[in-house]
Amino acid sequence: MASVTFEKPLDVGGPLSRRAAALANVRWFRALAWRALRDGGPRAELRAANARSAARIVLRQAKREALVDRLTRQAVEASL
């Protein structure tokens, strides 16, 4: 007797994977900022500020993409 199983496909490139990638990038930039301050190299404050700024940019872009994705899904559902 054969059994049939259905597996949910991976969400590669979907909203969940984009969110996970954005969060990983934010964590990496924040860790980079902390390392820059901790190592005390040349212009450490500037490098840390740049890394924190990059983290904010990544978060802002991820929020914008989530909003556009939500609006797009609602428009598609409304047209059906």
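Structure shown above.
The following paragraphs examine the structure supplied in this document. (Residues numbered from 1 in each chain as written. Predicted model: local features only at pLDDT ≥ 70, side-chain atom pairs only at ≥ 80, totals over all residues. Heavy atoms only, no water.)

### What about the packing of helix α1 (residues 15-39) against helix α2 (residues 44-79)?
Next up, step 1: Orientation of α1 relative to α2, taken along the N-to-C sense of each, is 170°, at an axis distance of 7 Å. One finds that α1 runs roughly antiparallel with respect to α2.
Next up, step 2: Looking at the contact of α1 with α2 residue by residue, the class counts come to 16 nonpolar, one polar and nine charged. (Axes fitted to C-alpha atoms, helices over the stretch in contact; angles between N-to-C directions. Helix = DSSP H or I, 4+ residues; strand = E, 2+ residues; numbered from the N terminus. Parallel < 35°, antiparallel > 145°, perpendicular 65-115°, else oblique. Nonpolar A, V, L, I, M, F, W, Y, C, P; charged D, E, K, R; others polar.)

### A short note on a positive patch on the surface
Next up, step 1: Taken together, the side chains of R52, R56, R60 and R64 define a basic patch exposed on the protein surface.
Next up, step 2: Here R60 shows up in helix α2.
Next up, step 3: Relative accessible area serves as the criterion here: at 48%, R60 is assigned to the partly exposed category. (Patch = residues over 30% accessible without salt bridge, like charges linked within 9 Å, V, L, I, M, F, W, Y side chains within 5 Å. Areas by Shrake-Rupley, 256 points an atom, 1.4 Å probe, with all protein chains shown as cover. Salt bridge = Lys/Arg side-chain N within 4 Å of Asp/Glu carboxyl O. Lys, Arg positive; Asp, Glu negative; His and termini not counted. Charge placed at Lys NZ, Arg CZ, Asp CG, Glu CD. Buried < 20%, exposed > 50% of the residue type's maximum accessible area, 1.4 Å probe, protein only.)

### Structural notes on unusual backbone geometry
Next up, step 1: Even without glycine at this site, R43 takes up a positive phi of about 55°.
Next up, step 2: Its location among the elements puts R43 in the loop between α1 and α2.
Next up, step 3: Look at R43 and you get exposed, because its relative accessible area is 63%.

### Section: the environment of K63
Next up, step 1: In this fold, K63 is placed in helix α2.
Next up, step 2: K63 gets classed as exposed once you look at its relative accessible area, which sits at 62%.
Next up, step 3: It is 9.7 Å that separates the C-alpha atoms of K63 and A22, two residues lying 41 residues apart in sequence.

### Details of the pattern of salt bridges
Pairing of side chains with opposite charge becomes possible as their charged atoms draw close.
Next up, step 1: Under the counting rule described, the total for this entry stands at three salt bridges.
Next up, step 2: Across the pair D69 and R18 runs a salt bridge whose closest N-O atoms are separated by 4.0 Å. Taken together, the residues span a long stretch of sequence, with D69 in helix α2 and R18 in helix α1 at a distance of 51 residues.
Next up, step 3: Put simply, D69 and R73 hold a salt bridge, and the shortest N to O gap is 3.0 Å. Taken together, the residues span about one helical turn, with D69 and R73 both in helix α2 at a distance of four residues.

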